[in-house]
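# Architecture at a glance
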Amino acid sequence: MENPLRGLPAPPALGAAALPAGTYAGQVVLVTGGGTGLGKAVAAEFARLGADVVIASRRAGQLKAAREELTAVPGAGRVTAAVCDIRDPERVAEVFDAAQAAFGLPDVLVNNAAANFPSPAEDLSPNAWRAVVDITLTGTWFMTREFGRRHLAANTPGSIVNIGASYAWTGGPGFAHSAAAKAGVKNLVETLAVEWGPYGIQVNGLVPGLFPHADMTEDIRDGLEHSAPDARDARQPALRVGAPRELGWAATFLASPYARFITGHTLVVDGANWQRRSVVNPEVVPIRTQLGRGPFAP
């Protein structure tokens, strides 16, 4: 008998577009963390639709390589890069100044930059907590605030897409710092959508599931490398992982003219993985044990 479990169909091939060609022609899109990974994949889909793209990151070398890659995307507009530590509001203002000087005020802001690493909550030092929260939440706020203030002053519409995480709803054992920060990012979506909607500024969230890519953090990569692709896929209700372009398609839709009445919403793109529940809960394994840590020693 044929196995009825097929999972969700594969996406269209890389290079396909979810929106009409030229949807973003003449528009400027600023993507933080756009030099690597999912940020670069999102930037590529905006570029494919004709946007002038500004990618920002702390690492100049990664930005240079990403800029060359994005410039070669068929249909791309102009691409530039800016080194920026989003924890510093003065540097954030400089990035917007540079974007405006090069292409004009960004029409779309994608807040993708974040920091994360696994740790039992009791092991987190004050500096470790600040490192993650300051980039993931405070940095997102500084970028969002600068974008909003400039559009309010210019009396122009705009669209913000904040990259979130599903543990903003569920909690994230082993990631207390990141989960708390992402919960704040989600709340910014809901708060600012109401505050800035009257001025024509959309604010939405986008939550990725498992999208394997070359720039994954070491802890995620290690976990994937210890499981065969079939076993990895079997952990998803979709029976497959995501392709980075699928996240890019979702981002380009949320910020597009076709989604103008969608604001204050967080879209989860993970094949329903975050909603999984077992009929019988598995045995509880403490986070310290899962991470291979010994007994807590203050």
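Look up a bit, the structure's there.
### Observations concerning the overall build of the chain
When helices and strands are counted, the chain shows ten helices and seven strands. Here the C-alpha atoms of the chain give a radius of gyration of 19 Å, agreeing with the 19 Å that 2.2 N^0.38 yields for 298 residues. A principal-axis box enclosing the C-alpha atoms of the chain has dimensions of 55 × 55 × 40 Å. Relative to its full complement of 298 residues, the chain shows a buried share of 46%. A separation of at least 24 residues holds for 77% of the contacts in the chain among residues at least 6 apart in sequence. Of the roughly 14800 Å² of accessible surface on the chain, 56% is carried by carbon and sulfur atoms. Charge-centre separation for the chain: the mean point of 26 positive side chains lies 1 Å from the mean point of 27 negative side chains.

### Thoughts on the environment of Arg-59
Looking at where Arg-59 falls in the secondary structure, it is placed in the loop between strand S2 (52–57) and helix H2 (60–71). Spatially, the C-alpha atoms of Arg-59 and Cys-84 are 8.2 Å apart, while their sequence positions differ by 25 residues.

### A closer look at unusual backbone geometry
Positive phi values are uncommon outside glycine, yet Asn-155 reaches one of about 55°. Looking at where Asn-155 falls in the secondary structure, it is placed in the loop between helix H4 (126–154) and strand S5 (158–163).

### Regarding the sheet that holds S2
Here we have seven strands laid out as an open sheet, ordered S3-S2-S1-S4-S5-S6-S7, and parallel in their pairing. Looking at strand neighbours, the two that pair on one side only are strand S3 (79–83) and strand S7 (266–269), the edges of this open sheet. Across the sheet, the axes of successive neighbouring strands diverge by a mean angle of 20°, strand direction being ignored. Most of the contacts of helix H1 (residues 37–48) go to S2, to which it runs at about 170°, and overall it touches strand S1 (28–32), S2, strand S4 (108–111) and strand S6 (201–208). The strands touched by helix H6 (residues 176–196) are S5, S6 and S7; relative to S6, the strand with the most contacts, the crossing angle is about 155°.

### A few points about the environment of Ser-256
Relative to the helices and strands, Ser-256 resides in the loop between helix H9 (244–254) and S7. For Ser-256, a relative accessible area of 0% gives the class buried. Measuring from C-alpha to C-alpha, the distance between Ser-256 and Pro-120 comes to 40 Å, with 136 residues separating the pair along the chain. Residues contacting Ser-256, with those up to four places away along its chain left out, are Leu-19 and Tyr-24. One polar contact links the side chain of Ser-256 to the main-chain carbonyl oxygen of Phe-253, over a distance of 2.8 Å.

### Side note on the side chain of Arg-48
Topologically, Arg-48 is positioned in helix H1. The exposure class of Arg-48 is buried, given its relative accessible area of 13%. In contact with Arg-48, other than residues within four places in its own chain, are Leu-14, Gly-15, Ala-16, Val-73, Pro-74 and Gly-75.

### Describing the pattern of salt bridges
Enumeration according to the criterion identifies 15 salt bridges in this entry. A salt bridge links Arg-91 to Glu-90, with the shortest nitrogen-to-oxygen separation between them at 3.8 Å. Taking relative accessible area as the criterion, Arg-91 reaches 30% and is therefore assigned partly exposed. Across the salt bridge formed by Glu-94 and Arg-91, the nearest N and O atoms sit 2.7 Å from each other. With Glu-94 and Arg-91 both in helix H3 (residues 89–102) and three residues apart, the pair spans about one turn of that helix. The partly exposed category is assigned to Glu-94, whose relative accessible area is 42%. One network of salt bridges, in which partners are shared, links Asp-88, Glu-90, Arg-91 and Glu-94.

### Some points on the packing of H3 against H4
At their nearest, the axes of H3 and H4 sit 9 Å apart, and the two run at 45° to each other. Between H3 and H4, the angle falls in the class oblique. With respect to the hand of their crossing, H3 and H4 are arranged in right-handed fashion. Listed contacts from H4 to Pro-89, Val-92, Ala-93, Phe-96, Asp-97 and Gln-100 of H3 are Phe-142, Met-143, Glu-146, Phe-147 and Arg-150.

### As for the environment of Asp-85
Counting through the fold element by element, Asp-85 comes out in the loop between S3 and H3. Between the C-alpha atoms of Asp-85 and Ala-183, which are 98 residues apart in sequence, the distance is 21 Å. Of note is the side chain of Asp-85, whose polar atom sits 2.9 Å from the side chain of Arg-87.

### Some details on the packing of H1 against H2
Across the interface, H1 lies against H2 with an axial gap of 10 Å and an inter-helix angle of 30°. Taken together, the axes of H1 and H2 are roughly parallel relative to one another. The way H1 lies across H2 gives a crossing that is right-handed. Within the contact between the two elements, H1 uses Lys-40, Ala-43, Ala-44 and Ala-47 and H2 uses Ala-66, Glu-69 and Leu-70.

Definitions and limits used
- Residues numbered from 1 in each chain as written.
- Predicted model: local features only at pLDDT ≥ 70, side-chain atom pairs only at ≥ 80, totals over all residues.
- Heavy atoms only, no water.
- Helix = DSSP H or I, 4+ residues; strand = E, 2+ residues; numbered from the N terminus.
- Rg over C-alpha atoms; globule rule 2.2 N^0.38 Å.
- Buried < 20%, exposed > 50% of the residue type's maximum accessible area, 1.4 Å probe, protein only.
- Contact = heavy atoms within 4.5 Å.
- Areas by Shrake-Rupley, 256 points an atom, 1.4 Å probe, with all protein chains shown as cover.
- Lys, Arg positive; Asp, Glu negative; His and termini not counted.
- Charge placed at Lys NZ, Arg CZ, Asp CG, Glu CD.
- Pairing = 2+ DSSP bridges.
- Axes fitted to C-alpha atoms, helices over the stretch in contact; angles between N-to-C directions.
- Polar contact = N/O pair within 3.5 Å; in protein donor to acceptor, adjacent residues only side chain to side chain.
- Salt bridge = Lys/Arg side-chain N within 4 Å of Asp/Glu carboxyl O.
- Parallel < 35°, antiparallel > 145°, perpendicular 65-115°, else oblique.
- Left-handed = near helix turned anticlockwise from the far one by under 90°.

Treat this as a map of the structure, not an account of what it does.
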